[in-house]
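Here's the letter readout for the chains.
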Amino acid sequence: MSCQFRNVFTFQNIPPQATQIIITTKQISSSITNTNSRSVKWLVRTAEELYAAAAVATEIVLANDIIGLNNICVLSSGKEITLNGNGHTLTSSADRAINVRGAYKATIKNLTINASGERAINIIQNSKEVIIDNVTATAANYTVNVASSAPGAKVTIHNSTLDGLTVVNVAS
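Student: Go over the pattern of salt bridges with me, naming the residues and quoting the values.
Tutor: For the structure shown, the criterion picks out one salt bridge. A salt bridge links Arg-96 to Asp-95, with the shortest nitrogen-to-oxygen separation between them at 1.9 Å. Residue classification places Arg-96 among the buried positions, given a relative accessible area of 18%.

Next comes the structure, spelled out in structure tokens:
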């Protein structure tokens, strides 16, 4: 399904047999909500699409490199979510490139993160499980930060290269 969003787009009345919604977009100009608990896979091309997808998608796949991310990309809402870089690069000047906030399970994979801000991946607000797989990440300070607001978070790092002043910081 290919859509151009000009108004608020809400997933409603999805047939029960539908297990996945796949969204590819060329332009986002307002908000999107997922009111049914279906799997939503979103192929993103721009920072704006990435921000919108992070709010509703269960899987975000980069279609190309995204350069100039100047706001924090927030993966959240108590669900399972995957950010699949698909071999591409995310370049961010935001203080935190990616915030994992309150996620039940978040997977970040197949991605290069070049963060000129303080943190590449910041795990906060009761996130339960974060898997970092096949990720190359750099940040000015903490490459991966587990904040004190995420007590008991399980963080698994596989086949990844992390570089920064402090590679993994776990606040107490």
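Student: Please set out the confidence of the model for the protein residue by residue, giving values where relevant.
Tutor: Of all residues in the protein, 77% have pLDDT values of 70 or greater, and the mean over the chain is 81. Per-element confidence in the protein ranges from a low mean pLDDT of 35 for strand β1 (residues 2–5) to a high of 97 for strand β13 (residues 129–138). Low pLDDT, under 50, characterises residues 1–15; the stretch is placed with 41 contacts to residues that sit more than four places away or in other chains. Contacts from residues 24–36, a stretch scored under 50 in pLDDT, to residues over four places away or in other chains number 47 contacts.

Student: Account for the side chain of Ser-92, with residues named and values stated.
Tutor: When you line up the elements, Ser-92 lands in strand β9 (residues 80–92). Within polar-contact distance, the side chain of Ser-92 engages the backbone oxygen of Leu-69 at 3.4 Å. Apart from residues lying up to four places away in sequence, Ser-92 is in contact with Leu-69, Ala-97, Asn-114, Ala-115, Ser-116 and Gly-117.

Student: Quick rundown of a nonpolar patch on the surface? Include the residues and the values.
Tutor: A surface patch of nonpolar side chains, about 300 Å² in accessible area, is lined by Ile-157, Val-167, Val-168 and Val-170. By residue number, the principal contributor to the nonpolar patch is strand β17 (residues 166–170), which donates three residues. Residue placement: Val-168 occurs in strand β17.

Student: Tell me about helix α1 (residues 47–56), residues and numbers included.
Tutor: Here α1 lies mainly inside the structure; seven of its 10 residues are buried. Looking only at α1, the buried set comprises Ala-47, Glu-49, Leu-50, Ala-52, Ala-53, Ala-54 and Val-56.

Student: Summarise the pairing of strand β10 (residues 96–101); cite the residues concerned and give the values.
Tutor: For β10, a buried count of five out of six residues is recorded, marking the element as mostly surrounded by other parts of the structure. Of the strand pairs in this sheet, β10 and strand β12 (residues 119–124) are connected by five bridges, and their pairing is parallel. Looking at β12, one finds that Ile-98 is bridged to Ile-121.

Reading the values: the criteria
- Residues numbered from 1 in each chain as written.
- Predicted model: local features only at pLDDT ≥ 70, side-chain atom pairs only at ≥ 80, totals over all residues.
- Heavy atoms only, no water.
- Salt bridge = Lys/Arg side-chain N within 4 Å of Asp/Glu carboxyl O.
- Buried < 20%, exposed > 50% of the residue type's maximum accessible area, 1.4 Å probe, protein only.
- pLDDT = per-residue confidence, 0-100.
- Helix = DSSP H or I, 4+ residues; strand = E, 2+ residues; numbered from the N terminus.
- Contact = heavy atoms within 4.5 Å.
- Polar contact = N/O pair within 3.5 Å; in protein donor to acceptor, adjacent residues only side chain to side chain.
- Patch = residues over 30% accessible without salt bridge, like charges linked within 9 Å, V, L, I, M, F, W, Y side chains within 5 Å.
- Areas by Shrake-Rupley, 256 points an atom, 1.4 Å probe, with all protein chains shown as cover.
- Pairing = 2+ DSSP bridges.

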